[in-house]
Amino acid sequence: MRIKKYKYLIRLIVSILLALTVAIVTVFSFLWTHAFEEIRKGNEVYYDKLADSFLRDFTMEIDSLRKHAAALSVDSRYEESAFWLGVENYRKNAYWYLEAVSEMKNKYAAHNAGDCGIYYYETDSVITKGSKQTLDQFLKNSLQVTGEREEALRAYFSRENYQFLKLVFGTTNTQEDIGGKFLVGYCTVLGKNRDSVMIFYQIAPDDLGDMLNLSYGAEGVWLYVTEQGGDQIYLAGNPTGSAVENVFPLEARERNVSGTRQKVLYQKDSASLPLSFAVYLTDESLQNNIVAFYHDMKKLIFIMIFLVIGICVVALYAEYKPMYRILAQLEEDEADEFTMIQSALNNRRAIIQEQELLITDLLIKHLIYGVPVGRERLNKLGVKVSGGFYCAYVLVGHILLAGEVEEMTEELEERFRVRLFVIDIQEENSNVLIAFLKSAETKDTEQWLQDWVHGRLGEDCKLYPGKVVDQLDEIRSSFLHCYEKRNEYEAAQKAMKADQEALERKEVRQKKLNEEILAYLELHYRDVDLSQTQVADAFRISSYTLSRMFKTQIGVGFTEYVNFKRLEYAKELLLTTGYSVHEIAFLAGYANDNYFSRIFKANVGMSPTAFREK
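Novice: Please explain the overall build of the protein chain as it appears in this structure.
Specialist: A tally of helices and strands in the protein chain yields 18 helices and 16 strands. Within the protein chain, buried positions represent 40% of all 614 residues. Accessible surface for the protein chain amounts to roughly 35000 Å². Of this, 53% is attributable to carbon and sulfur atoms.

Structure below.
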């Protein structure tokens, strides 16, 4: 017997664990894949928008520098400007450049460029906030460039590169070190003599953060400003201010990390400038950290799954112990534990069904013959009635089947803790429902029963509730109250039906009367002595009723209707006969020529004679 008991335990544990494991792994795999893909796509959208923002903000900055230079050029043509005399001041006053640079930096709107300066082509001199130098001195001392980069920048400042209102770009980067500055130059003129100059601005990697105002997700993100369609890198840096030490392979657009594809290069070309803007993600980027985090979480969740399975094993064993004790008390025979449990459940079900039949029989005798319901007897039958409330309902129009009764009673007991007994009355095609309630408030229970009846049985079935009572022997009075409500409802329905039929008959009579009156007027509207009183008397109705009928049914009054008919006939005679106006007025029903002419003109807009001659 012990071996059989443990066989049951083993089969139960193995079945549940297998089902649980398969379900957990399947759901987790699906959720993990879906969630990670959504995060990965969202992350790519974020960096793609970052590239758009980088392009937009940098282009706006270039535009602000252009406006700054243009404003400086325009204002230099006024005498109060330090640039009014331009080259003449440059030659006369060795410290004039301090006043000029002060005006250039403070008089106009602030910008995010690190430094700015003016290169005068005629004197081959550069004015900055710190000094006045020749171009060679500026390149070596301030920009600290030599070799190929010095030659490239010399070409950037060269007279041959000058073109009025042209934007030019250069950089202090070299192939070995791209951590230098980006030069933006604007070719224009200054002062009364329109001296040719280049107003230039220096943008360093640590200026990028101010331009983008970016902090979230900046770790591991590198920004590049490159030549559009070429391989020249003008500026490279991190939004936090760090310069790029090594060039990353901008042609590598994707990489795989632990089998997960990552997009690492987001590049945008400017539509207004010959520049391209790129966002490159390194191993320290937020995207890479998210991937690593999710891979770690995946491992952690698998560990948690196995822990949950272990806990389930312990819980199942704890739940099995009471069953083990029950099985140990059962008689040992050749049958296994499932057979014994099934036999015990069948016996229990048979006892419950027998109790239900006895209780139902007792309630039927109470409803039909008024036999008292004994509280002690119900307690013996398994129904606890130490206190509570009771209510009867009558369902008319359908006899509930056994399956419907079982469904209704089980759901009602589960939802409201209400015990329900159903009694069918075959000759009346109805059921009596007796509810044992916890409280006198039956609104929710009654609403649920009404919804169940209409939803399952249709609108033809009606449920009539009785009054709530607190004594077992008053259930019959609640039952009789249902029939009172039923009789009231049916009487109201009959009265409503009778009223409806009477209304319909009245409408038919009214319609027939309307048709007869209109037919009478069609024959007599040309009579000179026709009047509203005459017509009302002919049909034995009052003048008021006749007038109201015309107003409601036809939309005009009696007199307006008759005049309309007479005038239409008069117009026909005027156009088709040679009768005089006097004769036509009489034929149309008017005894007075002047009244006819006045009515005709008021309705047609002209006299009868004019209408005929038209």
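The discussion continues.
Novice: What am I meant to see in unusual backbone geometry here?
Specialist: Both trends apply: most residues other than glycine have a negative phi, and most peptide bonds are in trans. Phi angles above zero are rare outside glycine, and L165 is one such case at about 65°. Considering the arrangement of structural elements, one finds L165 in the loop between α5 (147-157) and β4 (167-171). Its identity is not glycine, yet R417 carries a phi of approximately 55°, on the positive side. Secondary-structure assignment places R417 in the loop between α10 (402-416) and β14 (419-425). R417 sits in the exposed class, given a relative accessible area of 52%.

Novice: In this structure, what is going on with the sheet that holds strand β7 (residues 221-227)? I would like to understand it.
Specialist: Two modes of strand pairing occur in sheets, parallel and antiparallel, and in both the strands are linked by backbone hydrogen bonds. Within the open sheet, the 4 strands sit side by side as β8-β7-β12-β11. Their pairing is antiparallel. Where the open sheet ends on each side, the last strands, each with one partner, are β8 (233-237) and β11 (265-269). Each neighbouring strand pair of the sheet contributes to a mean axis angle of 15°, computed without reference to strand direction. Judged from the 4 bridges that link them, β7 and β8 form a sheet pairing that is antiparallel. When the sheet's bridge partners are listed, T226 is paired in β8 with I233.

Novice: Mind showing me how you'd approach the packing of helix α4 (residues 135-142) against α5 here?
Specialist: How two helices sit against one another is set out by the angle between their axes and by the gap between those axes. Direction vectors running N to C along α4 and α5 enclose 135°, while the axes themselves pass 11 Å from each other. Classified by the angle between their axes, α4 and α5 sit oblique to one another. Taken as a pair, α4 and α5 cross one another with a handedness that is right-handed. Of α5, the residues touching α4 (which contributes L135, D136, F138, L139 and K140) are E150, L153, R154 and F157.

Novice: When you look at the sheet that holds β14 in this model, what are you seeing that I'm missing?
Specialist: Strand order in this open sheet of 4 strands is β14-β15-β13-β16, and the pairing throughout is antiparallel. Each end of this open sheet is capped by a strand with a single partner; those strands are β14 and β16 (462-465). Neighbour-to-neighbour, the strand axes of this sheet turn through a mean angle of 20°, independent of strand direction. Both β14 and strand β15 (residues 430-437) contribute to a ladder of 7 bridges, which runs antiparallel.

Novice: Would you explain helix α14 (residues 543-554) in this entry?
Specialist: An α-helix turns once every 3.6 residues. As a result, residues three or four positions apart point the same way. Here α14 contains 12 residues, and its C-alpha end-to-end distance of 16 Å stays within 8% of the 16 Å for a straight helix at 1.5 Å per residue. On its buried face, α14 sits against α12 (475-524), α13 (532-538) and α15 (558-576). Directly after α14, the chain includes G555, whose backbone phi takes a positive value near 100°.

Novice: Hey, could you run me through a nonpolar patch on the surface in this one?
Specialist: Judged by side-chain polarity, V528, Y579, F586 and L587 come together as a nonpolar surface patch covering roughly 360 Å² of accessible area. Among the secondary structure elements, V528 is positioned in the loop between α12 and α13. A relative accessible area of 33% means that V528 is categorised as partly exposed.

Novice: Would you explain the packing of α15 against helix α16 (residues 581-588) in this entry?
Specialist: It is the contact of α15 with α16, at a shortest axis distance of 9 Å, that shows an interaxial angle of 145°. When you trace α15 past α16, the crossing you get is right-handed. Here R566, Y569, A570, L573 and L574 of α15 come into contact with α16, specifically with I584, L587 and A588. Residue composition of the contact of α15 with α16, grouped by class: 7 nonpolar, no polar and 1 charged.

Novice: Mind showing me how you'd approach the side chain of S276 here?
Specialist: Assignment of secondary structure puts S276 in strand β12 (residues 275-281). S276 sits in the buried class, given a relative accessible area of 2%. Leaving out residues up to four positions away in the same chain, S276 has contacts with Y224, V225, T226, Q228, Q267, K268 and D269.

Novice: Is there a simple way to explain the packing of aromatic side chains in this structure?
Specialist: Each aromatic ring pair is summarised here by two numbers: the centre-to-centre distance and the angle between the ring planes. Per the counting criterion, the structure on display carries 29 aromatic pairs. Their ring planes at 70° and their centres at 5.0 Å tell us that Y46 and Y47 sit as a pair that is edge-to-face. Accessibility expressed as a relative area gives 24% for Y46, which makes it partly exposed. Among the aromatic residues, those joined into a ring-pair cluster are Y119, Y121, F138, Y156, F157, Y162 and F200.

What counts and what doesn't
Residues numbered from 1 in each chain as written. Predicted model: local features only at pLDDT ≥ 70, side-chain atom pairs only at ≥ 80, totals over all residues. Heavy atoms only, no water. Helix = DSSP H or I, 4+ residues; strand = E, 2+ residues; numbered from the N terminus. Buried < 20%, exposed > 50% of the residue type's maximum accessible area, 1.4 Å probe, protein only. Areas by Shrake-Rupley, 256 points an atom, 1.4 Å probe, with all protein chains shown as cover. Pairing = 2+ DSSP bridges. Axes fitted to C-alpha atoms, helices over the stretch in contact; angles between N-to-C directions. Parallel < 35°, antiparallel > 145°, perpendicular 65-115°, else oblique. Left-handed = near helix turned anticlockwise from the far one by under 90°. Contact = heavy atoms within 4.5 Å. Expected span 1.5 Å × (residues − 1). Patch = residues over 30% accessible without salt bridge, like charges linked within 9 Å, V, L, I, M, F, W, Y side chains within 5 Å. Salt bridge = Lys/Arg side-chain N within 4 Å of Asp/Glu carboxyl O. Nonpolar A, V, L, I, M, F, W, Y, C, P; charged D, E, K, R; others polar. Phe/Tyr/Trp six-rings, centres within 6.5 Å; stacked < 30°, edge-to-face > 60°.

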